[in-house]
Amino acid sequence: MCCDQTLLDAQVPDSLVPKGRILVVDDVQEVIDLLSAVLTASGYQVHAILDGAETVDVVRDYMPDLILLDVRLSGFDGYTICQQLKSHPQTQHIPIIFISAQDQVLDKVRAFEVGGVDYIVKPFALQEVMARVENHLTIRNLQKKLLEQQAHRLRQSRGTTPLLASLQKHLH
C-alpha cells in the first residue's frame, strides 16, 4: 500500500466522492439516458446497460450499491436476472429496484418474491425514483455498518476468550 487510505479520504472533497454506485438495466435508451442524467447530477456514479444477457457479469465486475432493473428486457426478464444475482453470495446483498410498465399486482408480488426490494411503475416521477434510491441506499449502508460492528465485536470476543477462560480458571 502506498499511503494511508484515511488521509486520502480526508483530502477528497465530499462533492467529488460519489454517493453510491448504481447500475441501470433497461432496453430503452431514453430511460437509461434520463435515469443516468438525473442520478449522475445527484452525485451517483452510474453504469448503464441495454442488454440483459450481460447483466450478471457486469454486476460482478462493477459491484454496484444498487440496481435499477427493468422487468422486460430483450431476450431476458428481470425476474430471472434478479434470481441469479440473489443466488450468489457475492451479489445477493445488492438491493434491486424493479422498474416496469407492468402494473399488475402479481407482477409486483413476483418482484418481491425473487428478491427485489422495491417496484416502480413506468411512467415514473423522477422525484419518486430518487426518493426510493436514496431510501434503499440508506438502508443498505446501515446494514453494512451493522455487519461491520458485529464483525468487530466477534473479533474482540475471540481475542478475549482465552483471557476469560484463564480468569475463570483462577477464580474457581
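Conventions and cut-offs
- Residues numbered from 1 in each chain as written.
- Predicted model: local features only at pLDDT ≥ 70, side-chain atom pairs only at ≥ 80, totals over all residues.
- Heavy atoms only, no water.
- Helix = DSSP H or I, 4+ residues; strand = E, 2+ residues; numbered from the N terminus.
- Buried < 20%, exposed > 50% of the residue type's maximum accessible area, 1.4 Å probe, protein only.
- Contact = heavy atoms within 4.5 Å.
- Patch = residues over 30% accessible without salt bridge, like charges linked within 9 Å, V, L, I, M, F, W, Y side chains within 5 Å.
- Areas by Shrake-Rupley, 256 points an atom, 1.4 Å probe, with all protein chains shown as cover.
- Salt bridge = Lys/Arg side-chain N within 4 Å of Asp/Glu carboxyl O.
- Lys, Arg positive; Asp, Glu negative; His and termini not counted.
- Charge placed at Lys NZ, Arg CZ, Asp CG, Glu CD.
- Pairing = 2+ DSSP bridges.
- Axes fitted to C-alpha atoms, helices over the stretch in contact; angles between N-to-C directions.

Asker: Tell me what's going on with the side chain of Thr 91, and back it up with residues and numbers.
Answerer: Secondary-structure assignment places Thr 91 in the loop between α4 (78-86) and β6 (96-100). Residue classification places Thr 91 among the buried residues on the basis of a relative accessible area of 1%. If sequence neighbours within four positions are ignored, Thr 91 has contacts with Val 59, Arg 60, Met 63 and Leu 85.

Asker: How would you explain a negative patch on the surface if you had to name every residue and give the values?
Answerer: A cluster of acidic residues, Asp 51, Glu 54, Asp 57 and Asp 61, forms a negative patch at the surface. Mapped onto the elements of the fold, Glu 54 is located in the loop between β2 (45-49) and α3 (55-62).

Asker: Lay out the sheet that holds β6 in plain terms, naming residues and giving numbers.
Answerer: The sheet built from five strands is open, its strands ordered β2-β1-β3-β6-β7 with parallel pairing. Among the strands making up the open sheet, the edge pair consists of β2 and β7 (118-121). Averaged over all pairs of adjacent strands, the angle between strand axes in this sheet comes to 20°, irrespective of strand direction. Across five bridges, the pairing between strand β1 (residues 21-25) and β2 is parallel. Looking at β2, one finds that Val 25 is bridged to Ile 49. Sheet contacts for α4: β3 (66-70), β6 and β7; angle to β6, the most-contacted strand, approximately 175°. Packed onto the sheet, helix α5 (residues 105-113) meets β6 and β7 and runs at close to 150° relative to β7.

Asker: Requested: an account of the pattern of salt bridges, with residues and values cited.
Answerer: Under the counting rule described, the total for this entry stands at six salt bridges. In this structure, the salt-bridge partner of Lys 122 is Asp 70, at a minimum N-O distance of 3.4 Å. Taken together, the residues span a long stretch of sequence, with Lys 122 in the loop between β7 and α6 (126-171) and Asp 70 in strand β3 at a distance of 52 residues. The two residues Lys 122 and Asp 70 agree in class, both being buried. Three or more residues joined by partner-sharing salt bridges are found here, namely Asp 26, Asp 70 and Lys 122.

Asker: How would you summarise unusual backbone geometry if you had to cite specific residues and measurements?
Answerer: Cis geometry marks the peptide bond from Lys 122 to Pro 123, where omega comes out at -5°. One can find Pro 123 in the loop between β7 and α6.

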